[in-house]
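Residues per chain, in single letters:
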Amino acid sequence: MKVTKIIASVAVILILLLSPGCETEPDWIGELTDEIFSQINLLRTGEGLDKLVWHSELAGFAADHSRDMGVRDYFSHTTPEGKTFSERIADSGIDYGGAGENIYMRAGDCSDIPAEDVTAGIVDGWWNSPGHREIMIRENMTHGAVGCYQSESALYVTFNVIN
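Note that the structure is predicted; figures quoted are calculated from it, not measured.

Caption draft 1: Region of interest: the overall build of the chain. Secondary structure summary: the chain contains 6 helices and 4 strands in total. When the helices and strands of the chain are read in sequence order from the N terminus, they spell out α-α-β-α-α-β-α-α-β-β. Out of the 163 residues in the chain, the part that is buried amounts to 41%. For the chain, the proportion of contacts with a sequence separation of at least 24, taken over those separated by at least 6, is 70%. For the chain, the computed accessible surface area is about 8600 Å², with 54% contributed by carbon and sulfur atoms.

Below you can see the structure in the form of structure tokens.
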């Protein structure tokens, strides 16, 4: 069983490293990432909460999950091998007390759509879903990050929070 998990993990790493377009992030992805994080912080302050502090390791974790979903064509908090969000974050090496995750997928190429427009759809969708909203405005969360990945067929976004 452990050998199967190791082989699956190595396969995921190779897929991510060998995938075209993974070497550098397009500028618009960085803009979108920043815009989503800013909008979430605006919602938090509107609810009387502190802004989340950007966490660069968590940003890599979020981007890796978005990339994995895009490269392997799935949409879930759980990988195709059955590794849950709780297992992924525990294995990440990131120090945290509590954690949460929201994911989003939008079909098509979003590279020519203004970041504000894409962000509105993402953040509004999460805000209008009680479970996703609770992740965004969870009172005891202190740090957060967003990771985005544009595949050939869809945009994938992961938002993570920790305390």
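Caption draft 2: Structural view of a negative patch on the surface. Residues D27, E31, D34, E116 and D117 make up a contiguous surface patch of negative charge. Residue assignment for the negative patch shows that the elements contributing at least two residues are α2 (27-46) and α5 (115-127). The element that contributes the greatest number of residues to the negative patch is α2, accounting for 3 residues. Structurally, the position occupied by D34 is in helix α2. Given the relative accessible area of 49%, D34 is considered partly exposed.

Caption draft 3: Summary view of the side chain of T119. Mapped onto the elements of the fold, T119 is located in helix α5. If near-sequence neighbours (up to four positions away) are discounted, T119 is found in contact with L32, E35, I36, Q39 and D124.

Caption draft 4: A look at the nonpolar core. Core analysis: the biggest nonpolar cluster contains 23 residues, and I36, W126, L155, V157 and F159 have the highest contact counts within it. Elements represented by at least two residues in this core include exactly α2, α5, α6 (130-136), β3 (143-150) and β4 (154-162). Ranked by residue count, the leading element in this core is α2, at 6 residues. When residues no more than four places from it in sequence are discounted, the contact partners of F159 are I40, L52, G100, E101, N102, W126, I135, M136, A145 and V146.

Caption draft 5: Spatial organisation of the packing of aromatic side chains. Tallying each qualifying case throughout the model produces 3 aromatic pairs. Measuring from ring centre to ring centre gives 6.4 Å for F61 and F85, while their planes differ by 55°; the resulting arrangement is tilted. Of this pair, F61 sits in helix α3 (residues 56-72) while F85 sits in helix α4 (residues 85-91); the two residues are 24 residues apart in sequence, bridging distant segments of the chain. Each ring, one from W126 and one from F159, has its centre 6.0 Å from the other, and the planes form 35°; the classification is tilted. A residue pair is termed long-range when its members are at least 10 positions apart, and W126 in helix α5 and F159 in strand β4 qualify at 33 residues. Neither W126 nor F159 differs from the other in exposure class; each is buried. In this structure, R133 packs its charged tip against the face of W127, placed 5.5 Å from the ring centre.

Caption draft 6: Fine view of the side chain of R72. Secondary-structure assignment places R72 in helix α3. At 2.5 Å, the side chain of R72 and the side chain of E81 are in polar contact.

Caption draft 7: Here's a closer look at α5. Along its 13 residues, α5 runs 18 Å from first to last C-alpha, staying within 8% of the 18 Å computed at 1.5 Å per residue. For α5, every residue scored as buried is listed here: A115, V118, T119, I122, V123 and W126. Projection of α5 onto a plane perpendicular to its axis shows the buried side chains occupying an angular sector of 115°, all on one side. In this fold, the buried residues of α5 make contact with α2, β2 (99-107), α6 and β4.

How each quantity is defined
Residues numbered from 1 in each chain as written. Predicted model: local features only at pLDDT ≥ 70, side-chain atom pairs only at ≥ 80, totals over all residues. Heavy atoms only, no water. Helix = DSSP H or I, 4+ residues; strand = E, 2+ residues; numbered from the N terminus. Buried < 20%, exposed > 50% of the residue type's maximum accessible area, 1.4 Å probe, protein only. Contact = heavy atoms within 4.5 Å. Areas by Shrake-Rupley, 256 points an atom, 1.4 Å probe, with all protein chains shown as cover. Patch = residues over 30% accessible without salt bridge, like charges linked within 9 Å, V, L, I, M, F, W, Y side chains within 5 Å. Salt bridge = Lys/Arg side-chain N within 4 Å of Asp/Glu carboxyl O. Lys, Arg positive; Asp, Glu negative; His and termini not counted. Charge placed at Lys NZ, Arg CZ, Asp CG, Glu CD. Core = buried A, V, L, I, M, F, W, Y, C linked by side-chain atoms within 4.5 Å. Phe/Tyr/Trp six-rings, centres within 6.5 Å; stacked < 30°, edge-to-face > 60°. Lys NZ or Arg CZ within 6 Å of the ring centre and 35° of its normal. Polar contact = N/O pair within 3.5 Å; in protein donor to acceptor, adjacent residues only side chain to side chain. Expected span 1.5 Å × (residues − 1). Arc of directions from axis to C-beta.

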